[in-house]
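The residues making up each chain are set out below.
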Amino acid sequence: MSVSTAAADQSLCTPLPVLGRDVTVPLVTGGEVTYAALDYAASAPALQRVWDDVAAYAPYYGSVHRGAGYLSQLSTDLFENARRTVAEFLGCRAGDQVVFTRSTTDSLNLLARAIPAGCQVFVFETEHHASLLPWQHAHVTYLDAPRTPGQAVEILERALAGRDPYGPALVCVTGASNVTGELWPVRELAAAAHAHGARIVLDAAQLAPHHPVSVTDLDVDWIAFSGHKLYAPFGSGVLAGRADWLQAAEPYLAGGGASRRVTRREDGGVAVEWHETAARHEAGSPNVIGAYAIAAACKALTEAGWDSLVAREQHLIAKVRAGLAEVPEVRVLSLFGDDAPRVGVLSFVVDGWNSSHFAAALSAEYGIGVRDGLFCAHPLVRTLLGTDPQTQGECGAPEAAPGEKSLNAIRVSFGAGTPDEHVDRFVNAVRELVRDGAKWQYRTEEGRCVPAV
């Protein structure tokens, strides 16, 4: 290592403490090893600080908004302060609303329910299913996968130019691909949308954990993301942005909390006056702990400093890419090319290997957790693999035995809690498996490749 490289490495921040960093797992070849969690794109481990904050609050847990007791009042303040923290984290504008949901999927389905009648929706085929599928009841135009960021903007502009210029329109786009990790030209796509009288929602599930995300700076109308990818526990998400469509729509769920006033009518029915705040779409007892956990994660990432977090992640990306480039049998998947900026998410295939078999061997023989499949982005993965768009496949492994051709890919992903050792072990394991083959026998069981016993 050169002096300059060593100095650069020393300037990088250390990994943020996360839950599970010391967990050991058994190997089929004998012994145990510290688990290398390299599946952050599915769910990032919770930050230790987030877990500690939640644990400190848990004894004071109470139902929010309508309780007179101390714990209810405390929980209400905490819940609403969490909303303000998230708004600040996302650079929300005055008048924007922050709605707490269950996940990115839930957030985008909520927005799909809130779009005006006759709204035209434009979405690239490259989206995760969470942002590809919720618009089934709207007039949807699915856009072909672009091969450069500039081409993405051109494709969108052409599609928008042909729309009804008088009706409402919405563009849905990802910030960073959950398959390739590549960054999309969000600001330019937002400008194109607004120039044609359309609004835009950003799926930031894979962007928010890796880069600062601002409604104002990106000039998007809404942002959606999930807590479990932002180093918080499962079960919480956010939809943040413009209030008008949300206020005009029927509540996402009907029930207590969403209603401001309910009265009996003379005809025997009931009349309902709904809230116009975020509560309109938060019926029922909300996930206070989930909202608090998201806010705690927002604070932790902000205080850690995005410059150092991004620099360290780029250091890990460079390690992975350099290591995989030394193995000719490995092909890294990309839409925009090898030089495209990306977050810590890379998918690849290995010549001569079924992807499920390769991922199973990484886990069973090296204690490395990655993901194989179509990553709930079937059209995109099929495009990248060059397979027939009509080919059957599932999010998980295919019904293919070890050694048989796979329709799937392998994904490695990492982030703020990943130590260098996990990345180094992954690169070495890929090299050894390709060179020497698996040390163990594997079989297919219920669609998954598993060690034979």
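Going by the structure above, here's the rest.
Before going into details, it helps to say that this report is about the structure given with it.

Scoring rules and cut-offs
Residues numbered from 1 in each chain as written. Predicted model: local features only at pLDDT ≥ 70, side-chain atom pairs only at ≥ 80, totals over all residues. Heavy atoms only, no water. Helix = DSSP H or I, 4+ residues; strand = E, 2+ residues; numbered from the N terminus. Rg over C-alpha atoms; globule rule 2.2 N^0.38 Å. Buried < 20%, exposed > 50% of the residue type's maximum accessible area, 1.4 Å probe, protein only. Contact = heavy atoms within 4.5 Å. Areas by Shrake-Rupley, 256 points an atom, 1.4 Å probe, with all protein chains shown as cover. Lys, Arg positive; Asp, Glu negative; His and termini not counted. Charge placed at Lys NZ, Arg CZ, Asp CG, Glu CD. Core = buried A, V, L, I, M, F, W, Y, C linked by side-chain atoms within 4.5 Å. Pairing = 2+ DSSP bridges. Axes fitted to C-alpha atoms, helices over the stretch in contact; angles between N-to-C directions. Salt bridge = Lys/Arg side-chain N within 4 Å of Asp/Glu carboxyl O. Patch = residues over 30% accessible without salt bridge, like charges linked within 9 Å, V, L, I, M, F, W, Y side chains within 5 Å. Phe/Tyr/Trp six-rings, centres within 6.5 Å; stacked < 30°, edge-to-face > 60°.

Looking at the overall build of the chain
The helix and strand inventory of the chain stands at 14 helices and 19 strands. Its C-alpha atoms give the chain a radius of gyration of 23 Å, near enough to 22 Å, the size a compact globule of 453 residues would have. If you line up the chain on its principal axes, its C-alpha atoms span 80 × 55 × 50 Å. Buried positions account for 53% of the 453 residues belonging to the chain. Taking the contacts inside the chain whose residues are at least 6 apart along the sequence as the reference set, 70% of them involve residues at least 24 apart. Of the roughly 19,500 Å² of accessible surface on the chain, a fraction of 52% belongs to carbon and sulfur atoms. Here the chain holds 36 positive side-chain charges and 51 negative ones, and the gap between their average locations is 4 Å.

A look at the nonpolar core
Judged by nonpolar contacts, the single largest core of 85 residues is most densely connected at Leu202 and Phe225. For this core, the element with the most residues is helix H10 (residues 288-304), which contributes ten residues. Filtering out sequence-adjacent residues up to four positions away, Leu202 remains in contact with Val173, Thr174, Gly175, Val186, Leu207, Val213, Leu218, Val220, Trp222, Ile223 and Ala224. Core analysis: the next-biggest nonpolar cluster, separate from the first, contains 33 residues, Leu316, Leu362, Val423 and Tyr442 among them.

A short note on the environment of Ala243
You can see Ala243 is positioned in the loop between strand E10 (237-241) and helix H9 (244-248). C-alpha separation for the pair Ala243 and Val28, spaced 215 residues apart in sequence, amounts to 54 Å. Other than its neighbours up to four places away in sequence, Ala243 contacts Gly95 and Gln97.

With respect to the sheet that holds strand E13 (residues 330-332)
Overall, antiparallel pairing links the four strands, which are arranged E13-E14-E17-E16 in an open sheet. Either end of the sheet is taken by a strand with one partner, and the two such strands are E13 and strand E16 (371-373). Taken pair by pair, the neighbouring strands of this sheet meet at an average axis angle of 30 degrees, ignoring direction. Looking at chain direction, E13 and strand E14 (residues 345-350) are connected through three bridges and run antiparallel. Within E14, the residue paired with Arg331 across the bridge is Val349. Along the sheet, helix H11 (residues 306-325) makes contact with E13, E14 and strand E17 (409-413), crossing E14 at roughly 10 degrees.

A few points about the pattern of salt bridges
Under the counting rule described, the total for this entry stands at 22 salt bridges. The shortest N-O distance in the salt bridge between Asp436 and Arg435 comes to 2.9 Å. Summarising the burial analysis for this pair, Asp436 and Arg435 share the class exposed. Within the structure, one salt-bridge network assembled from shared partners comprises Arg312, Lys319, Asp420 and Asp424.

Concerning unusual backbone geometry
Both trends apply: most residues other than glycine have a negative phi, and most peptide bonds are in trans. For Phe375, which is not glycine, the phi dihedral falls at a positive 55 degrees. Mapping Phe375 onto the fold places it in the loop between E16 and helix H13 (378-385). Judged by its relative accessible area of 5%, Phe375 is buried.

A word on a nonpolar patch on the surface
A contiguous nonpolar patch, built from Tyr60, Tyr70 and Leu71 and spanning about 340 Å² of accessible area, is present on the exposed surface. Take Tyr70: it is sitting in helix H3 (residues 70-89). Here Tyr70 falls in the exposed class, since its relative accessible area comes to 62%.

Comments concerning the packing of aromatic side chains
Throughout the structure, instances matching the rule amount to ten aromatic pairs. Here Trp353 and Phe358 contribute two aromatic rings whose centre-to-centre distance is 4.9 Å and whose plane-to-plane angle is 85 degrees, an arrangement assigned as edge-to-face. A residue is classified by how much of its surface remains accessible, and Trp353, at 16% relative accessible area, is buried. Ring pairs connect the aromatic residues Phe348, Trp353, Phe358 and Phe426, which therefore count as one cluster.

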